[in-house]
Amino acid sequence: MRIGELAEATGTTTKTLRFYEASGLLPPAARTRAGYRDYGDDAVARLDFIRRGRTAGLTLAQIRDILTVRDTGHAPCGHVRQLLAQQLDAIDAQLADLHALRATVAQLHHSATNAEPDVCPPEQVCRYL
C-alpha cells in the first residue's frame, strides 16, 4: 500500500510515517517504479505496536530498542518488562509529587478562604503564596 493508504489505515499522517522511517521505527519501504513508497501489511501491525507503546508512555527511542530486539529474531519480553517496571516507577513518583502538590495547594486554598485584602501589606504581592 502507498504511504497515504497506510496513513489512513493506521490513523497517522504521511509526515509521521516518513519520520518513523527516517528514525528507524519503520524499515525503509519498497519503492514502486515511479518511486512511491510501497508498504506491506506488516507495517500496519508495526504501527499498531508503536501506538500501543506510546500509549504506555514509552519513548520512541525505547520503542525502537524493542523493535530492534524483535528484528534480530529475539522475543523482547524481558526488555519490555524492564521498561514497563521503569515506567511504573516513574508514574508512582509523579503521583507522589502530585499528591504533595495537591496537599500544598489545598492548604493554601484553606488559608485564603477568609481573605482580608485590607490587611494585606503593600510590600507583599499576596500573603497566601
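Residues numbered from 1 in each chain as written. Predicted model: local features only at pLDDT ≥ 70, side-chain atom pairs only at ≥ 80, totals over all residues. Heavy atoms only, no water.

Caption draft 1: Focus on the environment of leucine 17. Among the secondary structure elements, leucine 17 is positioned in helix H2 (residues 14–22). In this structure leucine 17 comes out as buried when scored by relative accessible area, which is 0%. (Helix = DSSP H or I, 4+ residues; strand = E, 2+ residues; numbered from the N terminus. Buried < 20%, exposed > 50% of the residue type's maximum accessible area, 1.4 Å probe, protein only.)

Caption draft 2: Highlighting the nonpolar core. If you look at the biggest cluster of nonpolar residues, it comprises 17 residues, and the most contacted ones within it are Leu17, Leu26, Tyr39, Leu47 and Ile50. Of all elements in the fold, only helix H1 (3–10), H2, helix H3 (42–55) and helix H4 (60–71) reach the threshold of two or more residues within this core. If we ignore the near neighbours within four places in the chain, the residues touching leucine 26 are Leu17, Tyr20, Glu21, Tyr39, Ala43, Arg46 and Leu47. (Core = buried A, V, L, I, M, F, W, Y, C linked by side-chain atoms within 4.5 Å. Contact = heavy atoms within 4.5 Å.)

Caption draft 3: Molecular detail of the pattern of salt bridges. A complete count under the given rule lists four salt bridges for this structure. Among the ionic pairs, arginine 37 bridges to glutamate 21, the shortest N-O distance being 3.0 Å. Taken together, the residues span a long stretch of sequence, with arginine 37 in strand E2 (residues 37–38) and glutamate 21 in helix H2 at a distance of 16 residues. Taking relative accessible area as the criterion, arginine 37 reaches 18% and is therefore assigned buried. The buried category is assigned to glutamate 21, whose relative accessible area is 14%. Between aspartate 71 and arginine 46 there is a salt bridge, with the nearest N and O atoms lying 2.8 Å from each other. Placement of aspartate 71 in helix H4 and of arginine 46 in helix H3 is noted, with a sequence separation of 25 residues between them. Judged by relative accessible area, aspartate 71 falls into the exposed class, the value being 51%. A residue is classified by how much of its surface remains accessible, and arginine 46, at 14% relative accessible area, is buried. In the salt-bridge network here, residues are joined through shared partners; they are Asp48, Arg51 and Arg52. (Salt bridge = Lys/Arg side-chain N within 4 Å of Asp/Glu carboxyl O.)

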